[in-house]
Amino acid sequence: LSGEVLHDSGEGGQPRVRGGTFAARLAVKMKSAPRRGPTGLRAHPDLGRTRPPCRRANAQGRPASLLEGRFAREAARFHASRRRSAERACTSNGNERASGESGSASGGSSPQKTKAGSSSAPLSQSTFIKTDSRVVAIGDLHGDLQKTVAALKLAGVLSVSPDGAPVWCGGDTVIVQLGDILDRGDHEIQILHLFLRLKEQAKLRGGDVFLLNGNHESLNICGDFRYVTSGGFLESARVAGLPPEMAGRFQAQLKARVALFAPGGPIAQELANSYVALQINDTVFAHGGIMPHHVDYGLGRLNDEMSGWMRGEEGARSPIVAMGSPDSVLWCREYSREQWNTQVDRGRSCALLTKVLSELGANQMVVGHTPQERGCNAECDGKIWRIDVGMSSGVCNAAAQVIEIQPPAEEGARSQIRVLRAEGAYEAPLSRRKGMTG
């Protein structure tokens, strides 16, 4: 976490941090708390105390709004003022283009000036990876820490020490999380912190953890907080260091979230290290899906442009091809239909997929974004795997599932994939909550 935690106590008996990043300071917050949550992991005593509003039902028996009463009114006023004053618009729902930006978003390829302390190797240098290690892919988590821990244990990479600390036990396993850590749940930043901790430990043992950005990450960087729970706002206020007398005020929570997630903010800088698209051996990973025009544009270029925008680099723009339309990488649902209207529609989608995989030299693609009522599944003769099972309590509250990918046995062979299910995993379709489509 690039910060040295000093175990000797400072004032008030708290551990001290010398230098380090936002993540290191957050690690101290987590380390200093004696309380454990339902997962067994130690949690900050002030985080996650509120029940997810999406689990309450209104009088008609439907899920209540995530932003109710004054939360909704305050958020509406905030978004209206932000839209009027924004220097560059962001896409909030995947159906509009940013004003003043061209469809090609070609400006991201030029050299850019990085803020001090945020420089790192371009993601384009690690967009295509070869490994002999086992790979485990995890779908959308949406702020549910308990399901995150369940998925990681199911993958065989997480154990919890006697004092409540997360411990990597996966050896050289590679984890790929497909995005949408944010929104719909109360423990978004704790989940991000958990993955950062595990990544550091995994690399010491020959493994790794790769995070992808989903559409909900891009929404939050744009300042669109429609899907943030009251607990998510409270978590942001606590992480930003607001005192208790301020942390309960919605205006203060809103300002804290903007400061954390705006381009160049502490959380945005962490998310800038996540990918839009990633290929490991013969498997391509993306949150929504890769279309032929994304390949023409360049997956490495997409990664670098998204990263630069999130870091707040000078001259960087929100990448339209990645997040600006229904067929962008983060919003695409072309390959995620559980039932196509006709066989012609299915054939068209599979033909597009085959073209993309051929151009990338891959055999299959793994996507999230669209909850699958029948769990992790494959289509188009195993060329597309859909692994968003709606496990978050803010979506379907389904049992955790992940997929395990064994590398090809020889050159030209295909990776072997199987679904790992937790005990009690559902067999019959689950009814998705109204409006919960990723």
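Structure's up top.
Residues numbered from 1 in each chain as written. Predicted model: local features only at pLDDT ≥ 70, side-chain atom pairs only at ≥ 80, totals over all residues. Heavy atoms only, no water.

Strands belonging to one sheet form pairs held by backbone hydrogen bonds; the direction of such a pair is parallel or antiparallel. Overall, mixed pairing links the 5 strands, which are arranged β8-β7-β4-β14-β15 in an open sheet. Each end of this open sheet is capped by a strand with a single partner; those strands are β8 (208-211) and β15 (416-421). Between one strand and the next, the sheet's axes are offset by a mean angle of 20°, whatever the strand orientation. Two elements, strand β4 (residues 135-138) and strand β7 (residues 174-177), share 4 bridges in a ladder whose sense is parallel. By the bridge assignment, Ala-137 is partnered in β7 with Val-176. Packing of helix α3 (residues 145-154) onto the sheet brings it into contact with β4, β14 (401-406) and β15, and relative to β14 it is tilted by some 30°. (Pairing = 2+ DSSP bridges. Helix = DSSP H or I, 4+ residues; strand = E, 2+ residues; numbered from the N terminus. Axes fitted to C-alpha atoms, helices over the stretch in contact; angles between N-to-C directions. Contact = heavy atoms within 4.5 Å.)

Further remarks concern the state of the cysteines. For the structure on display, the rule yields 1 disulfide. Linked covalently through their sulfurs, Cys-350 and Cys-380 form a disulfide whose S-S length is 2.0 Å. Its S-S torsion of about -80° marks the bond between Cys-350 and Cys-380 as left-handed, since a negative value means left-handed. Here Cys-350, found in helix α13 (residues 343-360), pairs with Cys-380, found in the loop between β12 (377-379) and β13 (384-386); they are 30 residues apart in sequence, far enough to count as distant. (Disulfide = S-S within 2.5 Å.)

As a further point, take the environment of Thr-127. As for its placement among the helices and strands, Thr-127 is situated in the loop between α2 (70-85) and β3 (128-129). A relative accessible area of 0% places Thr-127 in the buried class. A sequence separation of 173 residues divides Thr-127 from Gly-300, and the C-alpha atoms of the two residues are 5.8 Å apart. When neighbours within four sequence positions are excluded, Thr-127 is seen to be in contact with Tyr-275, Ala-277, Leu-278, Gln-279, Leu-299, Gly-300 and Asn-303. Within the local environment of Thr-127, its side chain forms a polar contact with the backbone oxygen of Leu-123, the two atoms lying 3.0 Å apart. A distance of 2.9 Å separates polar atoms of two side chains, one belonging to Thr-127 and the other to Asn-303. (Buried < 20%, exposed > 50% of the residue type's maximum accessible area, 1.4 Å probe, protein only. Polar contact = N/O pair within 3.5 Å; in protein donor to acceptor, adjacent residues only side chain to side chain.)

Across the two faces of β7 the burial is the same, with Val-174 and Val-176 and Ile-175 and Gln-177 all buried. As defined by bridge partners, β7 adjoins β8 across 4 bridges and the pair is classed as parallel. Each residue of the ladder has a partner; that of Gln-177, found in β8, is Leu-211.

In total, this model carries 10 salt bridges according to the counting rule given. The salt bridge involving Arg-257 is made with Glu-188; its shortest N-O contact spans 2.9 Å. With a gap of 69 residues between them, Arg-257 in helix α8 (residues 250-261) and Glu-188 in helix α4 (residues 188-204) connect regions that are remote in the sequence. For the pair Arg-257 and Glu-188, one class covers both residues: buried. Taken together, the shared-partner salt bridges in this structure form one network comprising Arg-134, Glu-404 and Arg-418. (Salt bridge = Lys/Arg side-chain N within 4 Å of Asp/Glu carboxyl O.)

Honestly, it's all geometry; don't read function into it.
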